[in-house]
Amino acid sequence: MNPLRMIIMGAPGSGKGTLTSKLLKKLPQIHSLSSGDILRREMANGSEIGKMAKSYIERGDLLPDKFMANLIQAELEQQKWLDAKTSFLLDGFPRTGNQAIELESVLVPHNSDINMVIELDVPPEVILNRISNRWVHISGRVYNLEYNPPKVPFKDDITGEPLFKRPDDNPETFKVRLDKYFAELEPLREYYEKKGVYVKVSGETSDIIFPKLLSAVEAKVKSGL
Ligand code: G5P
Ligand code: MG
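Where an unreviewed UniProt entry is consulted, the protein appears under the name GTP:AMP phosphotransferase, mitochondrial, with the organism given as Pichia kluyveri. The UniProt entry for the protein carries this comment under Subcellular location (unreviewed entry): "Mitochondrion matrix". Its UniProt record, at the heading Catalytic activity (unreviewed entry), says of the protein: "a ribonucleoside 5'-triphosphate + AMP = a ribonucleoside 5'-diphosphate + ADP".

Next up, the structure:
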């Protein structure tokens, strides 16, 4: 059986991280990689990559396509996920048409390509409130003071370490991020629709979206890909 090579895309705050972790609890054979989590980890480490990423992220701007493609390729190689068996899901990459082309050129030498793309379609007006209540852990675990609060206020459930606010979770930067997402959505959608791998799941909450997402992924896996 071929491995799942999946992308989850959606506006900032649409629930990519939340739904990925729910999905991986049901299908633990899938590995996941979030481009934003990689960048935030580099920022926390104070690395050169982190220093460069910081200014883009704080403005709500996208980092350059080639830079992001190299970063993701290096991570996939380091994790040894490009073999013929490993199923993986990418959260937040690619997010431009050029990044999609770059990703294809990383996968093709491994006789592989993306075989499922999920677009989370959540109305932008329900998202803003989520962002102001979001707290995150450096591992990428994500909480919301109303929707999924940590067991101990402002502490990570697993490690007990403090949670932090993302530097781009304020209304001004959020608006920039949202506009950028919708500006890039059409070329990406077209690219993957042509490959016949594009699925849109709609809903106002992650609880509504999750069963649809799970059944789409399970059907894809059962199909042998
Ligand atoms: P990221 O890190 O990829 P975004 O902006 O794409 O960031 P974000 O903000 O991480 O996406 P998400 O993962 O879609 O959002 O959403 P989430 O964290 O799961 O949920 C948001 C909040 O809502 C959480 O608090 C959650 O608990 C809550 N929630 C979930 N579901 C519900 C619900 O049903 N109801 C309620 N009430 N709450 C809910 O990228 C960050 C930056 O990194 C750079 C860019 O600068 C980018 O802006 N970057 C890239 N640049 C270029 N190319 C790339 N490929 C890049 N990737 C990252
Ligand atoms: Mg996220």
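1. Concerning the overall build of the protein
If you tally the helices and strands in the protein, you get 8 helices and 7 strands. Against the compact-globule benchmark of 17 Å for 225 residues, the protein has a radius of gyration of 17 Å, which places it among compact chains. Looking at the protein as a whole, 46% of its 225 residues are labelled buried. Residue pairs at least 24 apart in sequence account for 73% of intrachain contacts in the protein once pairs closer than 6 positions are excluded.

2. Observations concerning the site of ligand 1
The full set close to ligand 1 counts 33 residues, and Thr18, Asp61, Arg134, Arg177 and Ser206 are the nearest of them. In this structure, Arg177 approaches ligand 1 through a side-chain N or O atom, which is 2.7 Å from an oxygen atom. In isolation ligand 1 offers 1100 Å² of accessible surface; the protein chains occlude 95% of this area. Broken down by secondary-structure element, the contributors of at least two residues to the shell around ligand 1 are helix H1 (16–26), helix H2 (35–45) and strand S6 (142–144). Broken down by element, the residue count for the shell around ligand 1 peaks at 4 residues, all from H2.

3. Quick word on H2
Along H2, the positions that sit buried rather than exposed are Ser35, Gly36, Ile38, Leu39, Arg40, Glu42 and Met43. Elements in contact with the buried residues of H2: strand S2 (30–34), helix H3 (48–59), helix H4 (65–79) and strand S3 (87–91). Of the residues one or two after H2, Gly46 is the one with positive phi, at around 70°.

4. Here we look at the packing of aromatic side chains
Per the stated rule, a full pass over the model turns up 4 aromatic pairs. Consider the rings of Tyr181 and Phe182, whose centres lie 5.1 Å apart with planes at 75°: the pair is edge-to-face. An angle of 85° between the planes, with centres 5.0 Å apart, marks the rings of Tyr191 and Tyr192 as edge-to-face. Residue classification places Tyr192 among the buried residues on the basis of a relative accessible area of 1%.

5. Quick word on the nonpolar core
Of all hydrophobic cores here, the largest spans 57 residues; its most connected members are Met6, Leu23, Tyr192 and Val217. If you tally residues by element for this core, the top one is helix H7 (residues 171–194), at 7 residues. Setting aside residues no more than four positions away along its own chain, Met6 makes contact with Leu23, Phe88, Leu89, Leu90, Ile114, Asn115, Met116, Ile118, Leu213 and Val217.

6. What to know about the pattern of salt bridges
Side chains that differ in sign of charge can pair as their charged atoms come close. Considering all chains together, one arrives at 17 salt bridges under this definition. For Arg59, the salt bridge is made with Asp61, and the minimal N-O distance between the two is 3.2 Å. For Arg59, a relative accessible area of 44% translates into the label partly exposed. For Lys195, the salt bridge goes to Glu104, with nearest N and O atoms at 3.1 Å. Of this pair, Lys195 sits in the loop between H7 and strand S7 (198–202) while Glu104 sits in helix H5 (residues 97–107), and the two are 91 residues apart along the sequence. By relative accessible area, which is 24% here, Glu104 ends up partly exposed. Shared partners join several salt bridges into a network, and the residues in it are Arg134, Arg166, Asp168, Asp169 and Arg177.

7. Observations concerning the packing of H5 against H7
Relative to each other, H5 and H7 sit at 35°, their axes nearing to 8 Å. In this structure, H5 contributes Gly97, Ala100, Ile101, Leu103 and Glu104 to the contact, and H7 contributes Glu184, Leu188, Tyr191 and Tyr192.

8. A few points about the sheet that holds strand S1 (residues 5–10)
By way of backbone hydrogen bonds, the strands of a sheet pair with one another, either parallel or antiparallel. Overall, parallel pairing links the 5 strands, which are arranged S2-S3-S1-S4-S7 in an open sheet. Two strands bound the open sheet, and with one partner strand each, they are S2 and S7. Neighbour-to-neighbour, the strand axes of the sheet open up by a mean angle of 20°, direction not taken into account. Here S1 pairs with strand S4 (residues 116–121) via 5 bridges, running parallel. Across the sheet, the residue bridging to Ile7 is Val117, located in S4.

Calculation notes
Residues numbered from 1 in each chain as written. Chains lettered and ligands numbered in written order. Predicted model: local features only at pLDDT ≥ 70, side-chain atom pairs only at ≥ 80, totals over all residues. Heavy atoms only, no water. UniProt positions renumbered as here; feature names shortened; annotations may be inferred. Helix = DSSP H or I, 4+ residues; strand = E, 2+ residues; numbered from the N terminus. Rg over C-alpha atoms; globule rule 2.2 N^0.38 Å. Buried < 20%, exposed > 50% of the residue type's maximum accessible area, 1.4 Å probe, protein only. Contact = heavy atoms within 4.5 Å. Near = heavy atom within 4 Å. Polar contact = N/O pair within 3.5 Å; in protein donor to acceptor, adjacent residues only side chain to side chain. Areas by Shrake-Rupley, 256 points an atom, 1.4 Å probe, with all protein chains shown as cover. Phe/Tyr/Trp six-rings, centres within 6.5 Å; stacked < 30°, edge-to-face > 60°. Core = buried A, V, L, I, M, F, W, Y, C linked by side-chain atoms within 4.5 Å. Salt bridge = Lys/Arg side-chain N within 4 Å of Asp/Glu carboxyl O. Axes fitted to C-alpha atoms, helices over the stretch in contact; angles between N-to-C directions. Pairing = 2+ DSSP bridges.

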